[in-house]
Amino acid sequence: MLEKDVKYIVLHCSATRSNQAYTVEQLTRDHQARGFRTVGYHFYIRQDGSVTQHRKLLEAGAHAMGYNHCSIGICYEGGLDVNGNPCDTRTEAQKRGLLDLFIILSKMFPEAKVVGHCELPHVHKACPCIDMETWRKELAAHVKHFKFAKDCCR
Ligand SMILES: [Zn+2]
């Protein structure tokens with residue numbers, strides 16, 4: 001991908017239960033079993049807020065059918081409650097980590113739309129199981145603030 005090709009920043013969940021650990025090793029193994037070279041997401045964020053990068057920023061991922069050539073994929077660990085139902089299970093550490101990551105990416109790719117996996121056409125699952133409208137508002141507030149700070153330094 002070229003920088004201008006990045007049209008979407010797509011949020012996913014791992015669709016694992018909140019009381020179940022899903023490590024980077026398990027994720028890697030599962031994605032390799034599906035035939036991917038490595039993890040299909042660019043970034044993975046665990047319940048403790050730790051972030052790992054698995055693809056170069058402009059390398060095509062394997063996370064959103066039909067959109068891998070124009071998007072960056074981020075996945076958080078969780079997305080299902082203890083009974084296996086879709087649920088926003090993000091921990092405070094994950095929320096902070098995701099916000100930091102999305103602020104950076106939104107500034108690097110200001111034209112890219114921040115979307116949840118389920119908002120892309122023909123996706124019939126709840127992924128990432130969070131209220132995307134609220135999340136985008138929160139993100140927009142932070143990104144605006146950063147732009148303002150930058151303008152002040154001119
Ligand atoms: Zn997804």
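For the structure given in this document, a descriptive report is provided here. For clarity, every value in this text was computed on a predicted model and none was experimentally measured.

The next point concerns the coordination of the zinc ion. Any two of four tetrahedral donors ideally make an angle of 109.5 degrees at the metal, while pairs among six octahedral donors ideally make 90 or 180 degrees. Those protein atoms acting as donors to the zinc ion are His12 (ND1), His117 (ND1) and Cys127 (SG), and they sit at 2.0 to 2.3 Å. We note that the donor set of the zinc ion lies within a single chain, spaced as H-x104-H-x9-C. Of the two residues, histidine 12 is situated in strand β1 (residues 8-13) and cysteine 127 in the loop between β7 (113-116) and α3 (132-152); the sequence distance between them amounts to 115 residues. In this pair, the class of histidine 12 matches that of cysteine 127, namely buried.

Further remarks concern the sheet that holds strand β4 (residues 51-53). If you trace the five strands from one edge of the open sheet to the other, you get β4-β3-β5-β1-β7, paired in mixed fashion. Edge positions in the open sheet fall to β4 and β7, since each of these has one partner strand only. Strand-to-strand twist across the sheet, computed as the mean angle between neighbouring axes with direction ignored, equals 20 degrees. Two elements, β1 and β7, share four bridges in a ladder whose sense is parallel. Counterpart to valine 10 in the pairing with β7 is valine 115. Its contacts with the sheet put helix α2 (residues 92-108) on β1, β3 (43-45), β4, β5 (71-76) and β7, and the angle it makes with β5 is roughly 170 degrees.

Attention now goes to the packing of aromatic side chains. Here the structure, examined in full by the defined rule, presents three aromatic pairs. Where tyrosine 22 meets tyrosine 44, the ring centres are 6.5 Å apart and the plane angle is 85 degrees; that geometry is what we call edge-to-face. Residue tyrosine 22 is found in the loop between β2 (16-17) and α1 (24-33), and its partner tyrosine 44 is found in strand β3; the two are separated by 22 residues along the sequence. Pair check on accessibility: tyrosine 22 and tyrosine 44 agree, each one buried. Ring centres 5.3 Å apart and planes at 80 degrees place the aromatic pair phenylalanine 102 and tryptophan 135 in the edge-to-face group. In this pair, phenylalanine 102 is assigned in helix α2 and tryptophan 135 in helix α3, connecting sequence segments 33 residues apart. Each member of the pair phenylalanine 102 and tryptophan 135 is classed as buried. Lying across the ring of tryptophan 135, arginine 90 places its NZ or CZ 5.6 Å from the centre.

Another aspect to go through is the pairing of β1. Of all six residues in β1, five are buried; the element is thus mostly enclosed. Where β1 and β5 come together, six bridges link them in parallel fashion. Following the sheet pairing, isoleucine 9 is matched in β5 by isoleucine 72.

With 17 residues, α2 ought to run about 24 Å at 1.5 Å a step, and its terminal C-alpha atoms sit 24 Å apart, in line with that. Those residues of α2 that sit buried are Gln94, Gly97, Leu98, Leu99, Leu101, Phe102, Ile103, Leu105 and Ser106.

In terms of nonpolar packing, the biggest core is built from 26 residues, with Leu11, Ile74, Phe102, Leu105 and Trp135 touching the most fellow members. Those elements that place two or more of their residues in this core are β1, β3, β5, α2 and α3. In terms of residues, this core owes the most to one element, α2, which gives six residues. Excluding anything up to four places from it in sequence, phenylalanine 102 contacts Ile9, Leu11, Ile74, Val114, Trp135 and Leu139.

Turning our attention to the pattern of salt bridges. Throughout the structure, instances matching the rule amount to nine salt bridges. With its nearest N and O atoms 3.8 Å apart, the salt bridge here joins arginine 55 to glutamate 59. Looking at arginine 55, the relative accessible area reads 8%, which means it is buried.

Thresholds, definitions, all that
- Starting from 1, residues in each chain are numbered consecutively following that chain's sequence as written.
- Local features in this predicted model are restricted to residues of pLDDT 70 or higher, and side-chain atom pairs are both shown and tallied only at a pLDDT of 80 or more, whereas totals for entire chains, interfaces and linings draw on every residue.
- Note: side-chain values were computed over all heavy atoms of the structure, leaving out hydrogens and water.
- A 2.8 Å cut-off from the metal defines N, O and S donors, relaxed to 3.2 Å for Na, K and Ca; water is not in the atom list, so some sites may appear incomplete.
- What counts as a helix is a DSSP run of H or I of at least four residues, what counts as a strand is a run of E of at least two, and both are numbered from the N terminus.
- Residue burial is assigned from relative accessible area. The probe radius is 1.4 Å, only protein chains are included, and a residue is buried under 20% of its type maximum, exposed over 50%, and partly exposed in between.
- Being paired, for any two strands, means DSSP has found at least two bridges between them.
- Here, axes are lines fitted to C-alpha atoms. For helices the fit covers the stretch in contact, and angles between N-to-C directions go from 0 to 180 degrees.
- A contact between two residues is defined here by any heavy atoms of the two lying within 4.5 Å.
- Only Phe, Tyr and Trp rings take part, Trp by its six-membered ring, and two of them pair if their centres are within 6.5 Å. Stacked means planes under 30 degrees apart, edge-to-face means over 60, and tilted covers everything else.
- Cation placement over rings: the criterion is NZ of Lys or CZ of Arg within 6 Å of the ring centroid and within 35° of the ring normal.
- Working rule for helices: expected span equals 1.5 Å times residues minus one.
- Residues belong to one nonpolar core when they are buried, are Ala, Val, Leu, Ile, Met, Phe, Trp, Tyr or Cys, and are joined through side-chain atoms within 4.5 Å.
- A pairing counts as a salt bridge when a side-chain nitrogen of Lys or Arg comes within 4 Å of a carboxyl oxygen of Asp or Glu.

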